[in-house]
Amino acid sequence: MLKTLLDRGRVVARAHSVQLAAIGAVLSTIFATDPVVLQAGWQTMPAELRALIPDRIAVWITAILFVLVIVARATPQQAVVQRLGLLAASVEPAWLKAARVPILRAIAGIVIHCSATREGQDVSAATIRSWHLAKGWADIGYHFVIRLDGTIEVGRPLARAGAHVEGHNARTIGICYVGGVGADGKPKDTRTPEQKAALVQLLRELRRRFPAATIKGHRDYSPDLNGNGTIEPQEYMKACPSFDATAEYRSL
Ligand SMILES: [Zn+2]
């Protein structure tokens, strides 16, 4: 008895879902198409085709299209919506879009680097990309590059692991500010005020998205040679990024 009822219910539900799907398909086609185009198509329909439709239904279709055109006129047109979308896209900088793109890999850390170029020398992400491609890499190693004027350029897509910190690329994001070497060729914190501001802006955005991720400098990934739990200056494999990123961004 119960089984029969369940079976009957299932058949009814299935029939209903087919009907609903059909109605949905028709409605979405109508609403996805510009009603003005639909109305024009209806009005210019060949007479022999029109003759196949009963008068009563034809009147209804005419009336529905008329209402749809009026409604469409009162709501933002597709072209306007598209233009607004373009406007929004141009307002949102490329780096922000790149920082918000959905990714599948887990992020455990954000690693700060310098380009190891001399103070005052500006280098673009495109140039760094060409250096890295020349080394035989698939793409630029960093995900973001921060120019001297604070412009944040997009490097490797966030969805892909970078090539910037040996042994930790899979779960980290690499950010490189341009500079890091003084006029004498020695490591130096050459960050301009604009670069510092851009770093904070980018780190805040990434931190919002990956709250558990640590923020460290490249040199903090050097092996702890004496095993005392701290990576000390004499243990640094390289000076990158020429400042204490862990301390500076601890409160972010
Ligand atoms: Zn580095």
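Everything below is about the structure shown above.
Reference entry: report on the structure contained in this document.

What counts, and where the lines are drawn
- Residues numbered from 1 in each chain as written.
- Predicted model: local features only at pLDDT ≥ 70, side-chain atom pairs only at ≥ 80, totals over all residues.
- Helix = DSSP H or I, 4+ residues; strand = E, 2+ residues; numbered from the N terminus.
- Expected span 1.5 Å × (residues − 1).
- Buried ≥ 20, exposed ≤ 12 C-beta atoms within 10 Å, placed from the backbone.
- Arc of directions from axis to C-beta.
- Pairing = 2+ DSSP bridges.
- Axes fitted to C-alpha atoms, helices over the stretch in contact; angles between N-to-C directions.
- Core = buried A, V, L, I, M, F, W, Y, C linked by C-beta atoms within 7 Å.
- Contact = placed C-beta atoms within 7 Å.

Attention shifts here to helix H8 (residues 193-209). An α-helical segment advances 3.6 residues per turn. Residues three or four places apart therefore align on the same side. Look at H8: 25 Å from first C-alpha to last across 17 residues, which is about the 24 Å you get at 1.5 Å a residue. Among all positions in H8, only Gln195, Ala198, Leu199, Leu202, Leu203 and Leu206 are buried. Looking straight down H8, one finds its buried side chains confined to an arc of 130 degrees; they lie on one side. Opposite its buried face, H8 presents the exposed residues Pro193, Arg204 and Arg208, each directed more than 90 degrees away.

With mixed pairing, five strands are arranged side by side in an open sheet as E4-E3-E5-E1-E7. Bordering the open sheet on either side are strand E4 (152-154) and strand E7 (214-217), each of which pairs with just one other strand. Shown here is a sheet whose adjacent strand axes are inclined to one another by a mean of 25 degrees, direction ignored. Here strand E3 (residues 144-146) runs beside strand E5 (residues 172-177); their pairing, made up of three bridges, is parallel. Bridge assignment links Phe144 to a residue of E5, and that residue is Ile175.

It is worth spelling out the environment of Thr151 at this point. For Thr151, the position within the fold is in the loop between E3 and E4. Distance from Thr151 to Leu199, taken between C-alpha atoms, is 9.9 Å for residues 48 residues apart in sequence.

Moving on: the pairing of E5. Taken across its six residues, E5 has six buried, putting it largely inside the fold. The alternating pattern of E5 places Thr172, Gly174 and Cys176 and Ile173, Ile175 and Tyr177 on opposite faces, both of which are buried. Pairing of strand E1 (residues 109-114) with E5, which is carried by six bridges, proceeds in the parallel orientation. Residue pairing for E5: Cys114 is matched across the bridge by Tyr177.

If you look at the biggest cluster of nonpolar residues, it comprises 32 residues, and the most contacted ones within it are Ile110, Tyr142, Phe144, Val145, Ile146, Ile175 and Leu202. Where this core is concerned, the elements lending two or more residues are helix H6 (94-100), E1, helix H7 (125-134), E3, E4, E5 and H8. With five residues, H8 is the single largest residue contributor to this core. Setting aside residues no more than four positions away along its own chain, Ile175 makes contact with Ile110, Ile112, His113, Tyr142, His143, Phe144, Ile146 and Leu202.

Take the environment of Ala106 next. Tracing the sequence through the fold places Ala106 in the loop between H6 and E1. Looking at Ala106, the number of C-beta atoms within 10 Å reads 10, which means it is exposed. Remark: the alpha-carbon pair of Ala106 and Thr172, spanning 66 residues in sequence, is separated by 8.1 Å.

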